[in-house]
There are 2 protein chains.
Amino acid sequence: MNNIRSIALELWPLDEDLSCRCNGAHQICLRCAVCGYKNNNYSIVDDIPTQQELAQYIDHTNLKPDAINVEIIRLCQEARTYDFASVCVNPYNVKLAKREMDRRTVCSVIGFPLGANLTHTKIEEVRLALKGGATECDMVLNIAELKEQGYNYVLTEIEKIAEICHENGAIMKIILENCLLNERDKIIACLIAKKAGADFVKTSTGFSKSGATVEDIMLMRTVVGDYMGVKASGGIRDTETALAMISAGANRIGASSSLSIIGA
Amino acid sequence: MNNIRSIALELWPLDEDLSCRCNGAHQICLRCAVCGYKNNNYSIVDDIPTQQELAQYIDHTNLKPDAINVEIIRLCQEARTYDFASVCVNPYNVKLAKREMDRRTVCSVIGFPLGANLTHTKIEEVRLALKGGATECDMVLNIAELKEQGYNYVLTEIEKIAEICHENGAIMKIILENCLLNERDKIIACLIAKKAGADFVKTSTGFSKSGATVEDIMLMRTVVGDYMGVKASGGIRDTETALAMISAGANRIGASSSLSIIGA
């Protein structure tokens, strides 16, 4: 993975000899926002959880556009019963989920699932989600801009959304939609996400061609180092797959089949 | 289709004996905004177009989240060459499309493809799209609210967006995502769209389980009458299917396979 170092040096005028200040085990210091989050709890885990412990890794998810209230309420009840990390819902469902979850975590998606909105729209959407009670926001990056090598655009957009989240005590995950990216794109997206101060990189929306893979999780963990979150999502429907993702370096799982995963 | 009349009477305190003022061939006057658009050009057509005339029915579409600039530019070039009705793109691509299309029509999607955003976010997105040069906006309705029978919410949201579009001389299409709706839902969505002042009802996003069907087009045309647009989209890839949709009552086609459809 020597190319991570060389890609980082291509992107930014970094000091080649400066080793990572945040002890993130990175090959080079990106002078990223992660240094500010040394004591976060999004980092890699040493022990593989038991099936019982798995629940705390899972963002229990319902992003169906036709999800009616009773389905969102059931999602929240299950999250409380089994102690899932959060419920992950569409912006429209945030308020209801917050009411049902009380002080527990509600995660909203932003610019979802295409990410092809203007930055201003994403900003408005994240502000409303936070106001509604979300304390985690999963935003889709601008995939076309990444493909166009508009790295400064991508960086600035993530920085702005991350800043708004952090000002409100919320954490921000950036969805890469790996199935539309090549390896170089994925590495660059992870480097940018880290430098921009995102708390997590996340594999997939679950609405495109395919979802999380073990290989992608390993790559993402290698690029972002130990002090940042990696969320595996899309197509994770059983315990075995969830544990494989965690073994590969994921510390959060997005799933709608969460009950099957924990064997409930 | 007697139930259209009875559903309309269930929804609103209408005068049963008042026949449609806009000559829209409706079974009952909804006191809808359509009366204001008597001389619009969104209405049903009598003659089935030749393959050569087909282009003018087509919103030439690229809504891929990873569509790079050269693909959007090519889309616009094709639209100019073959005289398609518009190009339909994601909000992020509106400015580039406008630059390429000059005075021709750019259509932006709004709240796409899930529609599960807060109304305020859709308002911000439509304002930016219009500012960027879009003169048609295809918005996904709040499907969950429709399912919850939150008809006033759905009506108000469409009214607001339609009003912003009309103030700016733009037309507004409302996407129903028929594959997630039952027949009653579809009838109600069409009645609401008409009453709210949308210019078109549109079958599908192309991002869900399935797309346009001839049966749905016939139903939608029956509900909205003659003086409103009906757009068929999702899975239309050849001339035969496009002509079948037009025969059934569609007066606009959304497609990315537009060149195949017109035999270019």
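Keep in mind that what you see is a predicted model, and the values were worked out from it rather than measured. (Residues numbered from 1 in each chain as written. Chains lettered and ligands numbered in written order. Predicted model: local features only at pLDDT ≥ 70, side-chain atom pairs only at ≥ 80, totals over all residues. Heavy atoms only, no water.)

### Brief notes about the pairing of strand β7 (residues 229-233) of chain A
Residue and element names in this part refer to chain A.
Inference 1: With five of five residues buried, β7 is to be regarded as a mostly interior element.
Inference 2: With burial as the criterion, each face of β7 is covered, one bearing Gly 229, Lys 231 and Ser 233 and the other bearing Val 230 and Ala 232.
Inference 3: Across three bridges, strand β6 (residues 200-202) lies against β7 in parallel orientation. Residue pairing across strands places Phe 200 opposite Gly 229, the latter belonging to β7.
Inference 4: In the classification by handedness, the crossover that spans β6, the intervening helix α8 (residues 214-224) and the parallel β7 is right-handed.
Inference 5: Here β7 pairs with strand β8 (residues 252-255) via three bridges, running parallel. Looking at the pairing, Lys 231 lines up with Arg 252 of β8.
Inference 6: Handedness of the crossover joining β7 and β8 through helix α9 (residues 239-248): right-handed. (Buried < 20%, exposed > 50% of the residue type's maximum accessible area, 1.4 Å probe, protein only. Helix = DSSP H or I, 4+ residues; strand = E, 2+ residues; numbered from the N terminus. Pairing = 2+ DSSP bridges. Right-handed = clockwise from strand over helix to strand, strands pointing away.)

### Points about the packing of helix α4 (residues 119-131) of chain A against helix α4 (residues 119-132) of chain B
Helix-helix packing is characterised by the crossing angle of the two axes and by the distance between the axes.
Inference 1: Where α4(A) meets α4(B), the axes come as close as 9 Å, and the angle between the chain directions of the two elements is 170 degrees. With respect to each other, α4(A) and α4(B) are oriented roughly antiparallel. For the pair α4(A) and α4(B), the crossing hand works out as right-handed. Contacts between α4(A) and α4(B) involve His120(A), Thr121(A), Glu124(A), Glu125(A) and Leu128(A) from the first element and His120(B), Thr121(B), Glu124(B), Glu125(B) and Leu128(B) from the second.
Inference 2: Here the residues of the contact of α4(A) with α4(B) are counted per class, giving two nonpolar, four polar and four charged. (Axes fitted to C-alpha atoms, helices over the stretch in contact; angles between N-to-C directions. Parallel < 35°, antiparallel > 145°, perpendicular 65-115°, else oblique. Left-handed = near helix turned anticlockwise from the far one by under 90°. Contact = heavy atoms within 4.5 Å. Nonpolar A, V, L, I, M, F, W, Y, C, P; charged D, E, K, R; others polar.)

### So, the interface of chain A and chain B
Inference 1: On the side of chain B, 30 residues touch chain A, which itself brings 30 residues to the contact.
Inference 2: Here chain A and chain B share an interface that buries about 2900 Å² over both sides, 65% of which is from carbon and sulfur atoms.
Inference 3: Looking only at chain A, the three residues that lose the most surface to chain B are Pro65(A), Tyr92(A) and Leu114(A), adding up to 26% of its buried area.
Inference 4: Joining chain A to chain B, the criterion identifies twelve residue pairs in polar contact (both at pLDDT 80 or more).
Inference 5: Examining the composition of the side of chain A that touches chain B, we find that five residues originate from one element, α4(A), more than from any other.
Inference 6: Residues that form the side of chain A that touches chain B fall into these classes: 18 nonpolar, six polar and six charged. (Buried area = accessible area lost by both parts, 1.4 Å probe. Polar contact = N/O pair within 3.5 Å; in protein donor to acceptor, adjacent residues only side chain to side chain.)

### Regarding the nonpolar core
Side chains of nonpolar character tend, in soluble globular proteins, to be buried together.
Inference 1: Core analysis: the biggest nonpolar cluster contains 90 residues, and Ile174(B), Leu191(B) and Val201(B) have the highest contact counts within it.
Inference 2: In this structure Val201(B) touches Ile174(B), Leu176(B), Cys190(B), Ala193(B), Met220(B), Val224(B), Met228(B), Gly229(B), Val230(B) and Lys231(B), once residues within four positions along its chain are discounted.
Inference 3: Counting 89 residues, the second-largest nonpolar core is a separate cluster that includes Ile58(A), Val94(A), Ile246(A) and Ala248(A). (Core = buried A, V, L, I, M, F, W, Y, C linked by side-chain atoms within 4.5 Å.)

### A word on the packing of α4(A) against helix α6 (residues 151-167) of chain A
Residue and element names in this part refer to chain A.
Inference 1: For the pair α4 and α6, interaxial distance at closest approach is 10 Å and the crossing angle is 20 degrees. As the angle between them shows, α4 and α6 are arranged roughly parallel. Handedness of the α4/α6 crossing: right-handed. For the pair α4 and α6, contact is made by Thr 119, Lys 122, Ile 123, Val 126, Arg 127 and Leu 130 and by Tyr 153, Glu 157, Lys 160, Ile 161, Ile 164 and Cys 165, respectively.
Inference 2: Classifying every residue of the contact of α4 with α6 gives seven nonpolar, one polar and four charged.

### Thoughts on the confidence of the model for chain A
Inference 1: Predicted confidence across chain A gives a mean pLDDT of 92, with 92% of residues reaching 70 or more.
Inference 2: We note a pTM of 0.94 for the whole complex and an ipTM of 0.93 for its interfaces. (pLDDT = per-residue confidence, 0-100.)

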